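An overview of the molecular structure
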Amino acid sequence: VQYFIEAPFRLPEAPIVTHVGSATVDGMAYDLVFITWTDVEPQDDVDQYIAWFEKDSGRLGFLQYTIRDMMGFMEGCMKYEDYRDVDGFWIAHKMTTYDRPGGEPNLHIFEIQSAKVGAGVPEKTLIPRPDLKGSK
């Protein structure tokens, strides 16, 4: 679940990023971007995403995803909404699982009551260490 909160900030780490089209859902226009690691072909242990970015704000609106490292293969869709500025970071405060963009909500609703950037963590903890970076 934590990854869905982090996804808007972590997806840009992926080495494979390709614009795959545009779509409109409920009057909102989106750019669709395919995102993955290692290879564009499906893999047993690496997930793939289609991120739906709102054309007017650039924020993540939907995230279609696979889950391949648990239970063989699953796919789903998360809708991101109720973005709020938290210390300069736009954080979605409501995330809902859907069967597909524009479809019906189907299982989970995650709501963030409050958020704080850093939360008292020492600054050196937040500085990336390239020697610790993994593939995914």
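1. Regarding the sheet that holds strand β6 (residues 89–98)
- If you walk across this open sheet you meet the seven strands as β1-β2-β3-β4-β5-β6-β7, and the pairing is antiparallel. Of all the strands in the sheet, just β1 (16–25) and β7 (105–111) have a single pairing partner and so form its edges. Shown here is a sheet whose adjacent strand axes are inclined to one another by a mean of 25°, direction ignored.
- In this structure, β1 lies alongside strand β2 (residues 28–36), joined through nine bridges in antiparallel fashion. Paired with Thr 24 across the strands is Ala 29, a residue of β2.
- Sitting on the sheet, helix α1 (residues 2–10) touches β3 (48–54), β4 (60–67), β5 (74–86) and β6, and the angle it makes with β6 is about 130°.

2. Examining the packing of aromatic side chains
- Throughout the structure, instances matching the rule amount to eight aromatic pairs.
- Grouping aromatic residues by their ring pairs yields a cluster made of Tyr 30, Trp 52, Phe 62 and Tyr 98.
- The ring centre of Trp 90 lies 4.0 Å from the NZ or CZ of Arg 59, which sits over that ring.

3. Topic: the pairing of β5
- Examined bridge by bridge, β4 and β5 share six bridges and lie antiparallel to one another. When the bridges of β5 are listed, Tyr 65 appears paired with Gly 76.
- Pairing analysis gives nine bridges linking β5 to β6, with the strands arranged antiparallel. Pairing of Asp 85 across the sheet is with Trp 90, part of β6.
- What sits between the antiparallel neighbours β5 and β6 is a turn of two residues, in which Asp 87 has the positive phi angle 50°.

4. Quick notes on the nonpolar core
- By size, the foremost hydrophobic cluster in this structure holds 22 residues, and its most contacted members are Leu 11, Ile 35, Trp 37, Tyr 49, Leu 63, Tyr 80 and Met 95.
- Each residue touching Leu 11, except ones within four places of it in the same chain, is listed here: Tyr 3, Ile 35, Trp 37, Tyr 49 and Leu 63.
- Counting seven residues, the second largest nonpolar core, distinct from the first, contains Val 25, Tyr 30, Leu 32 and Phe 62.

5. A few points about unusual backbone geometry
- Positive phi values are uncommon outside glycine, yet Asp 26 reaches one of about 50°.
- Looking at the secondary structure, you find Asp 26 in the loop between β1 and β2.
- On the accessibility criterion, Asp 26 (73% relative accessible area) is exposed.
- Backbone geometry places Asp 87, a non-glycine residue, at a positive phi of 50°.
- Along the chain, the position of Asp 87 falls in the loop between β5 and β6.
- Relative accessible area serves as the criterion here: at 60%, Asp 87 is assigned to the exposed category.

6. Topic: the pattern of salt bridges
- Taken as a whole, this structure holds five salt bridges when the rule is applied.
- Among the ionic pairs, Lys 79 bridges to Glu 81, the shortest N-O distance being 3.8 Å.
- Residue classification places Glu 81 among the partly exposed positions, given a relative accessible area of 23%.

Quick notes on the rules
- Residues numbered from 1 in each chain as written.
- Predicted model: local features only at pLDDT ≥ 70, side-chain atom pairs only at ≥ 80, totals over all residues.
- Heavy atoms only, no water.
- Pairing = 2+ DSSP bridges.
- Helix = DSSP H or I, 4+ residues; strand = E, 2+ residues; numbered from the N terminus.
- Axes fitted to C-alpha atoms, helices over the stretch in contact; angles between N-to-C directions.
- Contact = heavy atoms within 4.5 Å.
- Phe/Tyr/Trp six-rings, centres within 6.5 Å; stacked < 30°, edge-to-face > 60°.
- Lys NZ or Arg CZ within 6 Å of the ring centre and 35° of its normal.
- Core = buried A, V, L, I, M, F, W, Y, C linked by side-chain atoms within 4.5 Å.
- Buried < 20%, exposed > 50% of the residue type's maximum accessible area, 1.4 Å probe, protein only.
- Salt bridge = Lys/Arg side-chain N within 4 Å of Asp/Glu carboxyl O.

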